[in-house]
Amino acid sequence: MMTRRTALMAAAMAAAAPAAISKTAMASDESMTPVGAKVDLSALPRKKVSLVAPPFVHEHDQVAKDPPSIVEFEMLVIEKEHEIDEDGTMLQGMTFEGSIPGPLMVVHEGDYVELTLINPPENQMQHNIDFHSATGGLGGGALTLINPGEKTVLRFKADRPGTFVYHCAPGGPMIPWHVVTGMSGAIMILPRDGLKDDQGKPVSYDKVYYIGENDFYIPKDEKGDYKRYEDIGSSYGDTLEVMNGLIPTHVVFNGKVGALTGDNALKANVGENVLIVHSQANRDTRPHLIGGHGDLVWETGKFNNPPQRDNETWFIRGGSAGAALYKFRQPGVYAYVNHNLIEAVSLGATAHFVVEGEWDNDLMAQVLPPSPLERDVTAIYNSKKALP
Ligand SMILES: [Cu+2]
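Residues numbered from 1 in each chain as written. Predicted model: local features only at pLDDT ≥ 70, side-chain atom pairs only at ≥ 80, totals over all residues.

**Student:** Talk me through the domain arrangement of the chain; I want residue IDs and the actual numbers.
**Tutor:** You can read the domains of the chain as domain 1 (20-28 + 44-192) and domain 2 (212-356). Placing a centre on the C-alpha atoms of domain 1 and another on those of domain 2 gives a separation of 20 Å. Each partner contributes to the interface: domain 1 provides 37 residues, whereas domain 2 provides 40 residues. Secondary-structure elements contributing two or more residues to the side of domain 1 that touches domain 2 are β2 (70-83), β3 (90-96), β8 (162-167), α3 (174-180) and β9 (184-190). Sort the elements by how many residues they give to the side of domain 1 that touches domain 2 and β8 lands first, with 5 residues. Per-class residue counts for the side of domain 1 that touches domain 2 are 21 nonpolar, 11 polar and 5 charged. (Domains from an automatic or database assignment. Contact = placed C-beta atoms within 7 Å. Helix = DSSP H or I, 4+ residues; strand = E, 2+ residues; numbered from the N terminus. Nonpolar A, V, L, I, M, F, W, Y, C, P; charged D, E, K, R; others polar.)

Structure follows, in C-alpha cells:
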C-alpha cells in the first residue's frame, strides 16, 4: 500500500533526482570523497563540539590556540510542531537539532568540519545539508541526502573565513519548503588570528549572539484562522500555495514572535563588545539596532573583506549571514529590528537587548522633560498649515 509517507518520499526523490548523486555512485570506503585521491588527515588533531541552541553559541576561542583540526559535530534532524506567535499559531516545522534556526557552528579557517547528520526513523522526510561555506557537491547536499533511519558523515575544509548559511536542500519544491519551515542555520569560520577592524587591527567580542530570521507561510481556513496540521506531510500542499504567493504571514527572529523579547531579551553591559550574527536563508532583510549602531559590520559576513564602520542599518541578502560588532555605550532596552517596520512590528521581526550600566549624559540628555507649552504658536501653525 502507498502510504502518505512513501508517497511524499517518492515525490521528494523524484524532485531531487536531477541534482543528487545516486547511492551507487556515492559508494566508497572513503564516504567523504566519492571520486578522487584519498586525503590522509590522520595526523590532524580531532575535537568534538557540542552545539547549543540559539541565540547562544558554543564555547570557542576567538584566536585559534590549536593547529588546524578536524572539528566533529553531530546534528539530528527533528521534524516538529512549533508555536510561532503569542496567539498559539502552530507551524509544522523541520529543524536541525530541534531549534529554529539550527545552532551556530564555530571553527577556524583551515579546520575541517566533520558533521554527522542523523535523520531519526520517527521523521517522515528525506533531508540533507548544503553548507554555503563548503566547496563542491552542492555544498555537501549531494553527499548527505538521507532517509528517515539513516545517518551520514560529511567532511569539508573551512577554507574561507566568514559567517555562512547552511540549510536543507533535498531537491525541487522540497528545498524552499524545508528552508521556510525551519531548516537553516549558520556557521562562523573565524580567521585563525581572530577578527580585524577596517584598519587591520585585532578586535574581539565579549559576547556573541546568533539571530536567525525566518519568513513563515501559514495557511488559513475559510474563516481566516490559521490552520493546524497533524504532521509535517499533511501541511505540505496548503503551505506550498501560500509560499508561492511570496507574502509571509510571519517574519520572526529565532522561530517565534517574542523569542528574543521580554524574559528572553538578549543581555549586555555598557562597555561590552557584542557580536551579532544574523542569517536569513530565504529572503532579504535589513537589521537595525534602535538607539545604537554597527561599529563594525561585515555586511556579507566575509571576514577577508574589511568591515564597514558606523552603519545605521545593514543589509543581509537572502541566503547569507552577516556579522555586526557593537560596543554598548548607554543602558536601557534596545530594539533590534528588521527595518522593514511592518515586518518588525506587525509580523514579528523584533528582538530586545537589555543593557545595564551607567547613563552617559554627554551622549544624550533630556534637557527638558515633556512640559506644558507656554507660548502661543497658533499664528505660526496656521501660516505653515496654509496651502501653498
Ligand atoms: Cu530537510
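The discussion continues.
**Student:** Before we move on, could you go through helix α4 (residues 236-244) and cite the residues and values that matter?
**Tutor:** Taken residue by residue, α4 has Tyr236, Thr239 and Met243 as its buried positions. Down the axis of α4, the smallest arc covering the buried residues is 70°, so these residues share one side. Of the residues in α4, the exposed ones pointing more than 90 degrees away from the buried face are Gly237, Glu241 and Asn244. Considering only its buried residues, α4 is in contact with α3. (Buried ≥ 20, exposed ≤ 12 C-beta atoms within 10 Å, placed from the backbone. Arc of directions from axis to C-beta.)

**Student:** Any details on the sheet that holds strand β16 (residues 287-289)? Residues and values, ideally.
**Tutor:** Ordered by their spatial adjacency, 4 strands build an open sheet running β14-β21-β20-β16, and the pairing between neighbours is mixed. Each edge of the sheet is formed by a strand with only one pairing partner; in this case those strands are β14 (266-269) and β16. Put simply, the sheet's adjacent strands are angled 25° from each other on average, direction ignored. With 6 bridges connecting them, strand β20 (residues 332-338) and strand β21 (residues 350-356) associate as antiparallel partners. Each residue of the ladder has a partner; that of Tyr336, found in β21, is Ala351. (Pairing = 2+ DSSP bridges. Axes fitted to C-alpha atoms, helices over the stretch in contact; angles between N-to-C directions.)

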